[in-house]
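Coordinate analysis (summary)
For reference, the chains in residue letters:
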Amino acid sequence: MKNSYSNIFSFNKNILKKSIKYLNNSNIVGLPTETVYGLGGNAYSKKSIEKIYKLKGRPKSNPLIVHYFDLKDASKDIVINERFRKLYAQLCPGPITFVLKKKYGSKINPLGVAKLNTVAVRFPKHKIIRSILKNINFPLAMPSANKSTNVSPVTAKDVCDEFKRKIKLIIDGGKCKIGIESTVIDLSNEPRILRPGIIDKTTIEKILKKKMKNIKNNKIVSPGMMQKHYSPGIPVTINQKKHDGKSAFIYLGDKYYNKSKFFSLSKNFNLNEAASNLYKIFRLIKKKGFKKIQIGKIPNLRSGIAINDRIKRASNS
Ligand code: TXA
Ligand code: MG
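Residues numbered from 1 in each chain as written. Chains lettered and ligands numbered in written order. Predicted model: local features only at pLDDT ≥ 70, side-chain atom pairs only at ≥ 80, totals over all residues. Heavy atoms only, no water.

**Topic: the packing of aromatic side chains**
The test is simple: Think of it this way: a Phe, Tyr or Trp ring, Trp meaning its six-membered ring, pairs with another when their centres are within 6.5 Å, and the plane angle makes it stacked under 30 degrees, edge-to-face over 60, tilted otherwise. By definition, any uninterrupted DSSP run of H or I lasting at least four residues is a helix, any uninterrupted run of E lasting at least two residues is a strand, and each is numbered from the N terminus. The buried label applies to any residue whose accessible area, calculated with a 1.4 Å probe on protein chains only, is under 20% of its type's maximum; exposed applies above 50%, and partly exposed to all values in between.
Taken as a whole and judged by the stated rule, the model has 12 aromatic pairs. Measuring from centroid to centroid gives 6.1 Å for tyrosine 251 and phenylalanine 262, while their planes differ by 80°, and the two rings are edge-to-face. Remark: phenylalanine 262 occurs in strand β13 (residues 262-264) and tyrosine 251 occurs in strand β12 (residues 248-251); sequence separation between them is 11 residues. Tyrosine 251 gets classed as buried once you look at its relative accessible area, which sits at 4%.

In structure tokens form, the structure reads like this:
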């Protein structure tokens, strides 16, 4: 029987074959990664890239991340440097994206990288996306599977809620473990973090044996770092101390636990857990029909920096 989620499939050999066929034919597939779900398409195909931008309603000036199985595959398209090698060796596959110079002769479709001479590359860890990447002979352009400016999806059902039946095939890989998007680091010049994530600045500095400049929480340093982003679709206010009595209140800890308007990101103040629950809780609050969200203060350290980046942008809606 068909239900509203009949375009969601569990992963098996047949679905692997079917998704490869779809991707080969320049179709778009909803795919799980360890960070968030993505809309995957052939990065070498103009048709695929156009479909991705259209589905997302994304401005053409905002480039896509190109996903590879490993460094050997990526070396066809990027200029590899020492810093990248070091970080790749320690952190990949994993939740980090590197902006590097595009190699002359790369087959990546120029539309996918907004006609820039750099390209953002990532090596995702989730076993489903890895088995797909291993079995195709092109990389996947894959933005988060949400309409432009919305919250990223962390389950297959979230992807379906965003696009309904406009995507014919969504693979269910469970809830994304990390739950927020990868760290983006620019290595095409002096290294700097363009989008904070679970892999934080200190971890990167230790590997590179080099201090990096801080980016201001609010500054637009990357074409896609729009001020309005990660929006749950209702007003969000941050750094709140007092509940207004009506709004959904997001916080850290267990002080208000069990009250129907309070949503804890992590009962024991674990910032990684908090990050992994953020989008899930945004969507839940919206579904419950709240009209506004208040968020308490989140410590600005480790993964808290990534959480603050996202909620700050969510509050700019
Ligand atoms: O975790 C993730 O990175 C997810 C999963 C699906 O892999 N993908 C994701 O893609 O978050 P997207 O398109 O939602 O975000 C990509 C970010 C944007 O902020 C974009 O501007 C930036 O990466 N970006 C892409 N190419 C760039 C480039 N050449 N230079 C600077 N920033 C770039
Ligand atoms: Mg996104």
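**Re the sheet that holds strand β14 (residues 293-295)**
Which entries qualify depends on this criterion: At least two DSSP bridges between two strands are needed for those strands to be called paired.
Read across the sheet, four strands follow the order β11-β14-β12-β13 without closing on themselves; strand pairing throughout is parallel. On the outer flanks of this sheet lie β11 (236-237) and β13, each paired with one strand and no other. Of the strand pairs in this sheet, β12 and β13 are connected by three bridges, and their pairing is parallel. In the sheet register, phenylalanine 249 faces β13, and the bridge partner there is phenylalanine 262.

**Looking at the pairing of strand β10 (residues 192-195)**
As defined by bridge partners, strand β9 (residues 183-186) adjoins β10 across three bridges and the pair is classed as antiparallel. Within β10, the residue paired with valine 184 across the bridge is arginine 195. Remark: five residues form the turn of the hairpin made by β9 and β10, two consecutive strands paired antiparallel.

**Focus: a positive patch on the surface**
Definition in use: Patch membership is restricted to residues that have no salt bridge and whose relative accessible area is over 30%. Joining uses 9 Å for like charges and 5 Å for the nonpolar side chains Val, Leu, Ile, Met, Phe, Trp and Tyr. Reported accessibility uses the Shrake-Rupley method at a 1.4 Å probe radius. Residues are deemed covered only where the shown protein chains occlude them. A pairing counts as a salt bridge when a side-chain nitrogen of Lys or Arg comes within 4 Å of a carboxyl oxygen of Asp or Glu. Note on charges: Lys and Arg go in the positive column, Asp and Glu in the negative column, and His and the chain ends are not counted at all. By convention, the charge on Lys lies at NZ, on Arg at CZ, on Asp at CG and on Glu at CD.
Taken together, the side chains of Lys54, Lys147, Lys164 and Lys166 present a region of like positive charge at the surface. The exposure class of lysine 166 is exposed, given its relative accessible area of 60%.

**Thoughts on helix α4 (residues 82-91)**
We count it as follows: Directions drawn from the helix axis to the C-beta atoms are what define this arc. We call two residues in contact when some of their heavy atoms are within 4.5 Å. As used in this structure description, the phrase polar contact means that two N or O atoms lie within 3.5 Å; if the pair is within protein, one of them must be able to donate a hydrogen and the other to accept it, and residues adjacent in sequence are counted only when both atoms belong to side chains.
Every buried residue belonging to α4 is among Phe84, Leu87, Tyr88 and Leu91, and all of these are buried. Angular distribution of buried residues about the axis of α4 spans 105°; they occupy a single face of the element. Opposite the buried face of α4, at more than 90 degrees from it, the exposed residues are Glu82, Ala89 and Gln90. The inward-facing, buried residues of α4 contact α3 (71-74), β5 (96-101), β9 and α7 (201-208). You can read the cap of α4 off the contacts: a side-chain oxygen lies 3.4 Å from the backbone nitrogen of arginine 83, and it is on asparagine 81.

**Re the nonpolar core**
To keep things clear, this is the line we draw: In plain words, nonpolar cores are sets of buried Ala, Val, Leu, Ile, Met, Phe, Trp, Tyr and Cys residues tied together by side-chain atoms within 4.5 Å. Note that the domain bounds reflect an automated or database-derived domain assignment.
Core analysis: the biggest nonpolar cluster contains 93 residues, and Phe98 and Phe282 have the highest contact counts within it. In terms of residue count, the dominant contributor to this core is helix α8 (residues 271-287) (eight residues). No fewer than three residues from each of domain 1 (8-208) and domain 2 (236-315) sit in this core. Setting aside residues up to four positions removed in sequence, phenylalanine 282 forms contacts with Val151, Tyr230, Pro232, Ile250, Ile293, Ile295, Ile311 and Ala314. In this structure, Ile65, Val99, Val184 and Leu194 belong to the second largest nonpolar core, which totals five residues.

**Focus on helix α1 (residues 13-24)**
To keep things clear, this is the line we draw: Expected helix span is given by 1.5 Å per residue-to-residue step, counting one fewer step than there are residues.
Taking 1.5 Å as the rise per residue, α1 with 12 residues should run 16 Å; its terminal C-alpha atoms sit 16 Å apart, in good agreement. Of the positions making up α1, those classed as buried are Ile15, Leu16, Ser19, Ile20 and Leu23. Projected down its long axis, α1 shows its buried positions confined to an angular sector of 140°, all on one face. Among the exposed residues of α1, those oriented more than 90 degrees off its buried face are Lys13, Asn14, Lys17 and Lys21. Elements that come into contact with the buried residues of α1 comprise β1 (8-10), β2 (29-31), β3 (38-42), α5 (127-134), β7 (140-141) and β8 (170-172). With a side-chain oxygen lying 3.0 Å from the backbone nitrogen of asparagine 14, the N-terminal cap of α1 falls on asparagine 12.

**Thoughts on the domain arrangement of the protein**
The following threshold applies: Two parts placed together each lose some accessible area; with a 1.4 Å probe, that loss summed over both constitutes the buried area. We call Asp, Glu, Lys and Arg charged. Ala, Val, Leu, Ile, Met, Phe, Trp, Tyr, Cys and Pro are nonpolar, and the rest, Gly among them, are polar.
Parsing the protein into structural domains produces domain 1 (8-208) and domain 2 (236-315). Placing a centre on the C-alpha atoms of domain 1 and another on those of domain 2 gives a separation of 27 Å. On the side of domain 2, 14 residues touch domain 1, which itself brings 20 residues to the contact. The junction of domain 1 with domain 2 conceals about 1,400 Å² of combined surface from both sides, 58% of it contributed by carbon and sulfur atoms. Area buried by domain 1 at its contact with domain 2 is led by Val151, Ile180 and Pro196, which between them contribute 35% of it. Put simply, domain 1 and domain 2 have four salt bridges between them. The closest approach of N and O atoms between glutamate 181 and arginine 310, which form a salt bridge, is 2.8 Å. Connecting domain 1 to domain 2 are six residue pairs in polar contact (both at pLDDT 80 or more). In terms of residue count, the dominant contributor to the side of domain 1 that touches domain 2 is helix α6 (residues 156-163) (three residues). Split into classes, the residues belonging to the side of domain 1 that touches domain 2 amount to eight nonpolar, four polar and eight charged.

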